Amino acid sequence: MTSRNECLQIIGDISVQWSQVESDLRELLWIYIGTDRPTFDLLFERARGQDIEVLLSRIVKVKEPNQSAKADVLEALARCKTIRNNRNTILHKMREDHIGDAPTLHPKLQRAREEIVNHAEALKACKQRLSFFVAKRDEVEVADGAMESPESELQIPEYTALKWPAKCKRLDLDK
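Residues numbered from 1 in each chain as written. Predicted model: local features only at pLDDT ≥ 70, side-chain atom pairs only at ≥ 80, totals over all residues. Heavy atoms only, no water.

1. Observations regarding the overall build of the chain
No. 1: A tally of regular secondary structure across the chain gives 7 helices and 0 strands.
No. 2: Taken from the N to the C terminus, the helices and strands of the chain come in the order α-α-α-α-α-α-α.
No. 3: Split into buried and exposed, the 175 residues of the chain put 37% on the buried side.
No. 4: Counting every atom, the chain has about 10500 Å² of accessible surface; 50% of that belongs to carbon and sulfur. (Helix = DSSP H or I, 4+ residues; strand = E, 2+ residues; numbered from the N terminus. Buried < 20%, exposed > 50% of the residue type's maximum accessible area, 1.4 Å probe, protein only. Areas by Shrake-Rupley, 256 points an atom, 1.4 Å probe, with all protein chains shown as cover.)

Spelled out as structure tokens, the structure:
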């Protein structure tokens, strides 16, 4: 039989994983803002997670010329919406009767935890891949007029899109 404490442990795990997701999204924004870290922290220290997501989306849509890299960031952001909604359902809409019925709640929480862990791992890989890609691209120094030559494209690193895990499902505690 599943205990209430097991459910509460999973809820704590989900909360910690969500904090990591928000931290990684903040790091992705920093990659695209292109400033030193103290300045970035000063500008965005009070920004909510949703504000970071909106700004990251706007910047990547305009600033990222590589379609695969842009698609990865936008995919990460799209998936965050469902995960944030699930996290908010768990932390803000769960009632005492949900916890009281631990055997029914436990599988739902397990699925939500597995989905957020999978997303957090994929997002971390995406962040590392994009960090390397953008840094390599930014360090390419192109001589005057070199961008018009066909060889200039060979200097820009390739970006390989991430293989994302299955999409998360919306959590419904009352079904």
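There's more to say after this.
2. Here we look at the nonpolar core
No. 1: By size, the foremost hydrophobic cluster in this structure holds 44 residues, and its most contacted members are Leu25, Tyr32 and Leu56.
No. 2: Within the residue set of this core, elements represented by two or more residues are α1 (4–33), α2 (37–44), α3 (49–63), α4 (67–93) and α6 (102–139).
No. 3: It is α6 that provides the largest number of residues to this core, a total of 12 residues.
No. 4: Beyond its immediate chain neighbours, meaning those up to four positions away, Leu25 contacts Ile52, Glu53, Leu56, Leu77, Cys80 and Leu123. (Core = buried A, V, L, I, M, F, W, Y, C linked by side-chain atoms within 4.5 Å. Contact = heavy atoms within 4.5 Å.)

3. Brief notes about the side chain of Thr89
No. 1: With respect to the helices and strands, Thr89 occurs in helix α4.
No. 2: Apart from the residues lying within four places of it in its own chain, the contact partners of Thr89 are Met94, Leu171 and Leu173.

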